[in-house]
Amino acid sequence: MNKKRFGLTGVVAVIALAFSTLVAPSASAATEIVVWADENRGPNLTKVIEAKGDWVSGYTVKVVTFSSFDALKTAVDNATDLTGPDIIVGANDWVATSAKNGKLAPITLSSAVKKRFTENNFFDLSYQGKLYGVPLDINNVAMIYNENLVKKAPKKLGDMVDYYNANKEKKKLVAGLCIAGGGTSWGAHSVLSALGGSAYRMKNGAVDSVVDPINPKELAKNISKYFLDAKGKSTGFFPASDAGCKDNFLAGKVPFAVIGNWEWKDYVYKGFKMNLMPVPGIKAGTYGQMFGSVSGALLTTYAAKRGVEAGAKDLLVNFFASTEGAIRYQSVELRPPAEKNAQKADLTAAQVGFGKAGSIAGIPQIGAILNGTAGSKSYWDLLPAFWTAVLVDGKDPKSEATKLNGFFKLNIAAGVKDL
Amino acid sequence: MKLLYRGKVTKTAKYLVVAFVSAILALLIQSAFAQGEYEIAAFLAIALVSIVIVYLTDISIPFKFLLPGMLFLFAFVIGPIVYTLVMSTFQYQTGNYISKDDAISRIQLLGVEADEAGTSFDVVVGRDSAGKVAILASDILTQSYFVANKEVKRDFLSTDITLNSDGIATAAPGFTPILDSERSTLDFEVSSTRFRYSDEYFILMEGSALGVLKRQVLTYQKDKDVFVNLLDGRTFADNGKGNYADVNDPSQILQPGWRSPIWFSHYIDLFTDSEVRKPLIRVFIWTIIFASLTVLTQFSLGLLLALAMNRPIRGRRIYRSIFILPYAMPSIMSILIWGGMFDTEFGAINNLFGTDIAWFQNALFARAAVIIVNLWLGFPYFYLICSGALQAIPTELSEAAAIDGATPRQIFSKITLPLLLQIVAPLLVASFAFNFNNFNLIYLLTGGGPSSPLDGDIAGATDILISYTYKIAFGTNIQNLGLASAISVIIFIIIASISLYGVRKSKVLDTFV
């Protein structure tokens, strides 16, 4: 290279370096606590946290909103020491895997803070005896019925089946009860439970690993009685798929639907009353248990690496787990709060309805059991397969229920070790 | 103006472009280094140096044209292939995600336990008389108060300290609470310090106002690379698979594990582990059938329509426009619409035909649905290709054959089709390779299902290799990225072989030799 070229190269290098220095990202200040949330919770958290700026003295809080829940999950999966947040507002079933992957850090709460929540709330956010976050809002489903079709709340599952059989042709019903929210695994646990089965049984606040979760004979008998015709074919009362359920319920073609507490506004806007209740069981006064999971504000290991662990823990306690924080947040988020005192605050009919249904027939959602383990299958895959086998493929309910029970037992045996 | 006048504007523009690209690369190098991505930083540095040398000197004129392509080839083709290959030799799955050093650090941090009573203290963080970070702790129940730093604990009587209305100590002799402005500065020290309580127990801070009594249960012995449980004496040693396992009961492992090299274990599992092998063989067979049927049906329909449209018929232009419509629509939209139409209870297809076929719950029907939808998505492509190819075949050939007495069927089978196949054969091979990896269709239409986990199914009936790999890598709560990488390498070898065969057969590269 001649002198001129050296000069030009030098000029290019100087311009390049100057530019890169100007736009180089500066490391975030260690006084900032970073919270990641999805597209719904993010803006609401930003609003509430900014409205009262001193949740944690000496720190500022930055809420990063992701375009969707899936985008948030992907970001959590890909987070590194340099990019990860201090707190993640996420699903309870992220706890086991994220803790296993070394992304979450445990937190110990004082007894005063613990008292603000039910023990079940902590089940969801714990892994191997350690708590990884604080409960935020309750995710559950409840059954809604169309009062234009059904005048009174059903007392038994049989009442619903009778109504469907009597009005199927006359009112052109496409189903009797369907799952509009939560899918045919999470949302449909209430139906499985109404029929007498369960993913696991609870006893004195703990998982009962002795009793079988399903009595195959009883479950098969109830399925045959309520969901199948004399030839063993589905009557159409309960579809094995959740596709089209919401639209058909809103169109008046399905009298009963299980809906999620995140979508109640869609029903209210269409003029439906929030007559929410658990799915009725075989006998009057019994109900199918539904998963009452909580979303959590989860502490990450990145907080310690960024030097804001104490601040992040204070934010979890002072804001996310506080009565004031929960009331302020749920006044804009409009979900049932997990915090007990906030549950007594001025809530919408839907918040009250879902909360009530959950308190009547809720069962904690324990990811360590439900997610399955090596040698078994996850509950999330098994239950939809069970519905398909008995309602679509016409397989023998008893033998399928026996298989389901076998897998559930394997999952319980493996899962309780991680509790 | 002078520069322009002398015709040097292009050179100036070149220098500016090189400067801009160099600046971007310098920025990325800095960022990659900061994030510890040294391989990426090294590649970017090589790219930067190459660009500067090639474009600011006259070392090689051809390289000025080749360099961008080569850099992109390395960055987006060779790099990912090498990375996938490397990852396939690692135990890289849920629970084995971080480095070994990080795992050791996490196990040590998690290897503490609270005392049986779950004792906790209300705490004020400050400094002691020696200026060391210390805590002023209060146990309201037992009315015990003390100041502790890392080494020393000093007890106080309630009469010696200042209590607030809740009975929590707020000031003590020789103790100065920190200011709010100091909290973030001292955060790391406060969070990581084990404040002295007794020989066995220490206090760990949970935020800035709560201290919890803990003791170490698992301790790491660096010289032996083992963890020892101080309570029951159990020893956990490196099991060579990315976990510390109990030496007496290897099924008992400590979490988290780490990404550990296991060399060819995943590849061996593909052939020897029936849990992996059986579904893989089933999926592989269906992938071949799916790709073959897709090419066959799409080509057949496309050719049929092209032959029909090759004759002068009324409204030919309108028909041609209609045939191209499925190709013009975004395939994602088409797939989702078809998905709704195939729904058992509420779908248009069952309603139209008065059937109640469970399209996506029955393996046979789900496979049929996949082929039908893919036919809809792909036939316009072959229609266009065949239309063009038919027009390239000289009409004199068929006219001469007709004069010689050949029937239309003979003309088609002996003249048109062989000539057509010569032209479209490489495209058929390419289409096969594309459909071998047609992830979008399977993922959006059936999600790979149906499967019957109750009968032990792992893969779904419509899963093809790529969707099955995705499930293993990301589809469930238990992700196995290492195994998924190994399957990806196998897929790569298959696709590369098919492509190479296609290229050789079509003699595309002959023109370059």
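The numbers attached to residues start from 1 for each chain and follow its sequence in the written order. Here every chain gets a letter starting at A, and every ligand a number starting at 1, in the order they are written. Only residues with pLDDT of at least 70 are given local features in this predicted model, and only at 80 or more are side-chain atom pairs given and counted; all residues enter the totals for whole chains, interfaces and linings. No hydrogens and no water enter the side-chain calculation; it runs on all heavy atoms of the structure.

**Q** It is not clear to me how the sheet that holds strand β17 (residues 244–246) of chain B should be interpreted in this structure. Could you clarify?
**A** Sheet strands line up and pair through hydrogen bonds in the backbone, either parallel or antiparallel. Residue and element names in this part refer to chain B. Here, a strand pair is defined by DSSP locating no fewer than two bridges between the strands. Where helices and strands are cited, they refer to DSSP runs of H or I of at least four residues and of E of at least two residues respectively, numbered from the N terminus. Taken in spatial order, the four strands of this open sheet run β14-β15-β16-β17, and their pairing is antiparallel. Of all the strands in the sheet, the pair left with one neighbour each is β14 (218–221) and β17. Recorded for the sheet is a direction-independent mean angle of 30° between the axes of neighbouring strands. Pairing between strand β16 (residues 235–238) and β17: three bridges, direction antiparallel. In the strand pairing of β17, A237 is matched with A245. Whenever a helix is involved, its axis is fitted only over the stretch in contact; in every case the axis is a line through C-alpha atoms, and angles between N-to-C directions fall within 0 to 180 degrees.

**Q** Could you clarify how one ought to interpret the confidence of the model for chain B in this entry?
**A** Note: predicted coordinates in regions of low pLDDT should not be interpreted at a detailed level. Looking at chain B, pLDDT values average 91 and 97% of them are 70 or higher. The ipTM, which scores confidence in the relative placement of chains, is 0.80 for this predicted complex, and the corresponding pTM is 0.82. Confidence of the predictor in every single residue is expressed as pLDDT, which spans 0 to 100.

**Q** Please explain the nonpolar core as it appears in this structure.
**A** Nonpolar side chains tend toward joint burial in soluble globular proteins. Residue and element names in this part refer to chain A. The biggest cluster of nonpolar side chains holds 77 residues, and the ones touching the most others in it are L177, Y200, F227, F238, F386 and W387. The leading source of residues in this core is helix α19 (residues 379–392), at 10 residues. Here, nonpolar core means buried Ala, Val, Leu, Ile, Met, Phe, Trp, Tyr and Cys residues that are tied together by side-chain atoms lying within 4.5 Å of each other. Using a 1.4 Å probe on the protein chains alone, a residue whose accessible area is under 20% of its type maximum counts as buried, one over 50% counts as exposed, and one in between counts as partly exposed. Counting 56 residues, the second largest nonpolar core, distinct from the first, contains V35, Y59, I107 and Y329.

**Q** Would you mind going over the packing of helix α8 (residues 274–309) of chain B against helix α14 (residues 408–436) of chain B with me for this structure?
**A** Angle between the axes and distance between the axes are the two parameters that describe a pair of packed helices. All names here are of chain B. Between α8 and α14, the least distance of the axes is 10 Å, while the angle of their chain directions is 140°. Judged on the interaxial angle alone, α14 and α8 are oblique. Handedness of the crossing formed by α8 with α14: right-handed. Packed against α8, whose contacting residues are F284, T287, I288, F290, A291, S292, T294, V295, Q298, F299, L303 and L307, the element α14 presents F412, L417, L420, L421, V424, L428, S431, F432, N435 and F436 at the interface. Considering only residue class, the contact of α8 with α14 consists of 16 nonpolar, six polar and no charged. Note that the term roughly parallel is reserved for angles under 35 degrees, roughly antiparallel for angles over 145, roughly perpendicular for angles of 65 to 115, and oblique for everything else. Crossings are classed by handedness, with left-handed meaning an anticlockwise turn of the near helix from the far one by less than a right angle and right-handed meaning a clockwise turn. Only heavy atoms matter for contacts: two residues are in contact if any of them lie within 4.5 Å across the pair. All residues other than Ala, Val, Leu, Ile, Met, Phe, Trp, Tyr, Cys, Pro, Asp, Glu, Lys and Arg, Gly among them, are scored as polar; the first ten of these are nonpolar and the last four charged.

**Q** Would you explain the packing of helix α14 (residues 309–320) of chain A against helix α6 (residues 180–192) of chain B in this entry?
**A** Contact geometry for α14 of chain A and α6 of chain B: axes closest at 7 Å, N-to-C directions at 100°. Relative to α6 of chain B, α14 of chain A is oriented roughly perpendicular. Residues E309, A310, G311 and D314 of chain A of α14 of chain A lie in contact with α6 of chain B, whose contacting residues are R183, D187 and S191 of chain B. Counted by class, the contact of α14 of chain A with α6 of chain B contains one nonpolar, two polar and four charged residues.

**Q** What am I meant to see in the environment of T89 of chain B here?
**A** Topologically, T89 of chain B is positioned in the loop between α4 (61–87) and β1 (90–91). Setting aside its immediate chain neighbours within four residues, T89 of chain B contacts S260, P261, I262 and W263 of chain B.

**Q** Explain the pairing of strand β1 (residues 32–37) of chain A here, please?
**A** A regular strand places its side chains on the two faces of the sheet in alternate fashion. All names here are of chain A. Taking burial as the measure, the six residues of β1 include six buried ones, the bulk of the element. Of the two faces of β1, both are covered, the one formed by E32, V34 and W36 as well as the one formed by I33, V35 and A37. Sheet analysis places β1 next to strand β2 (residues 60–65), joined by six bridges and oriented parallel. Considered in β2, the bridge of E32 is made with T60. As for the winding sense of the linkage, the β-α-β connection from β1 through helix α2 (residues 41–51) to β2 is right-handed. Pairing between β1 and strand β3 (residues 87–90): two bridges, direction parallel. Considered in β3, the bridge of V35 is made with I87. The definition of a right-handed crossover adopted here requires that, viewed with the strands pointing away, the path from the first strand over the helix to the second runs clockwise.

**Q** Looking at this model, I keep getting lost on the sheet that holds strand β6 (residues 133–139) of chain A. Mind explaining?
**A** All names here are of chain A. The five strands lie next to each other as β2-β1-β3-β13-β6, forming an open sheet whose pairing is mixed. Whereas interior strands pair on both sides, the edge strands pair on one side only; in this sheet they are β2 and β6. Adjacent strand axes in the sheet meet at a mean angle of 20° when their direction is disregarded. Sheet strands in contact with helix α3 (residues 69–78) are β1 and β3, and its direction is about 130° off that of β1. Strand contacts of α14: β1, β2, β3, β6 and β13 (293–299), with the helix running at about 150° to β13, the strand carrying the most contacts.

**Q** Which parts of the structure should I look at to understand the interface of chain A and chain B?
**A** Much of the literature gives interface size as the accessible area that the parts lose upon coming together. Opposite the 77 residues of chain A that make contact, chain B presents 60 residues. We define buried area as the total accessible area lost by two parts upon association, computed with a 1.4 Å probe and summed across both. Interface of chain A and chain B: buried area, both sides summed, is about 5,200 Å²; carbon and sulfur atoms make up 58% of it. K305 of chain A serves as the salt-bridge partner of D102 of chain B, at 3.9 Å between the closest nitrogen and oxygen. Polar contacts, as counted here, are pairs of nitrogen or oxygen atoms within 3.5 Å of one another; within protein the pair requires one atom able to donate a hydrogen and one able to accept it, and residues that are adjacent in sequence qualify only if both atoms are side-chain atoms. Put simply, chain A and chain B have 17 residue pairs in polar contact (both at pLDDT 80 or more) between them. Any carboxyl oxygen of Asp or Glu that lies within 4 Å of a side-chain nitrogen of Lys or Arg is treated as forming a salt bridge with it.

**Q** Whenever I open this one, α3 of chain A confuses me. Can you help?
**A** A turn of α-helix holds 3.6 residues, and therefore any two residues three or four places apart point the same way. Residue and element names in this part refer to chain A. Buried within α3 are the following residues: L72, A75 and V76. The buried residues of α3 occupy an angular sector of 100° when the element is viewed end-on, so they sit on one face. Every exposed residue of α3 that faces more than 90 degrees away from the buried side is listed here: D70 and N78. In this structure, the buried residues of α3 make contact with β1, β3 and α4 (95–100). Note: the arc covers the axis-to-C-beta directions of the helix.

**Q** Help me understand the state of the cysteines, please; the structure alone is not making it clear to me.
**A** Linking two cysteines covalently via their sulfur atoms produces the bond known as a disulfide. Residues and elements named next belong to chain A. Here, two cysteine sulfur atoms that lie within 2.5 Å of each other are counted as a disulfide. For the structure on display, the rule yields one disulfide over all chains. Here C178 pairs with C245 through a disulfide, and the sulfurs are 1.9 Å apart. Judged by the sign of its S-S torsion, about 75°, the bond between C178 and C245 is right-handed. Of the two residues, C178 is situated in strand β8 (residues 177–179) and C245 in helix α11 (residues 245–250); the sequence distance between them amounts to 67 residues. Classification of C178 as buried rests on a relative accessible area of 0%.

**Q** Just checking my understanding: could you explain helix α10 (residues 216–227) of chain A for this structure?
**A** All names here are of chain A. Working rule for helices: expected span equals 1.5 Å times residues minus one. With 12 residues, α10 extends 15 Å from end C-alpha to end C-alpha; this agrees with the ideal 16 Å at 1.5 Å per step. Turning to α10, its buried residues are P216, L219, A220, N222, I223, Y226 and F227. Buried residues in α10, looked at end-on, bunch into an arc of 165°, giving them a common side. Across α10 from its buried face, at more than 90 degrees, point the exposed residues K217, K221 and K225. Looking at the buried positions of α10, the neighbouring elements they touch are α7 (157–167), α9 (189–194), α19 and α20 (397–415).

**Q** So what exactly am I meant to see when it comes to the packing of aromatic side chains here?
**A** For any two aromatic rings, the description comes down to two numbers: the centre-to-centre distance and the angle of the planes. Residues and elements named next belong to chain A. For this analysis, a ring pair means two rings from Phe, Tyr or Trp (six-membered ring only for Trp) whose centres lie within 6.5 Å, classed as stacked if their planes differ by under 30 degrees, edge-to-face if by over 60, and tilted for the remaining angles. Counting across every chain of the model gives 47 aromatic pairs over all chains. An angle of 65° between the planes, with centres 4.7 Å apart, marks the rings of W55 and F319 as edge-to-face. Here W55 is found in the loop between α2 and β2, whereas its partner F319 is found in helix α14, with 264 residues between them in sequence. Each member of the pair, W55 as well as F319, is classed as buried.

**Q** How do you make sense of a positive patch on the surface when you look at a structure like this?
**A** Residues and elements named next belong to chain A. A contiguous patch of positive charge, built from K156, K217, K221, K225, K283 and K398, is present on the exposed surface. Broken down by element, the positive patch gets its largest block of residues, three residues, from α10. Looking at the element boundaries, K283 is found in the loop between α12 (264–269) and β12 (290–291). Residue K283 is classed as exposed on the basis of its relative accessible area, which comes to 61%. The patch calculation keeps residues exceeding 30% relative accessible area without a salt bridge and links them within 9 Å when they carry like charges or within 5 Å when they are nonpolar (Val, Leu, Ile, Met, Phe, Trp, Tyr). Note that accessible areas follow from Shrake-Rupley with a 1.4 Å probe, and for residues the cover is restricted to the protein chains shown. Just so you know, the count uses Lys and Arg for positive and Asp and Glu for negative, and it drops His and the chain ends. A single reference atom marks each charge: NZ on Lys, CZ on Arg, CG on Asp, CD on Glu.

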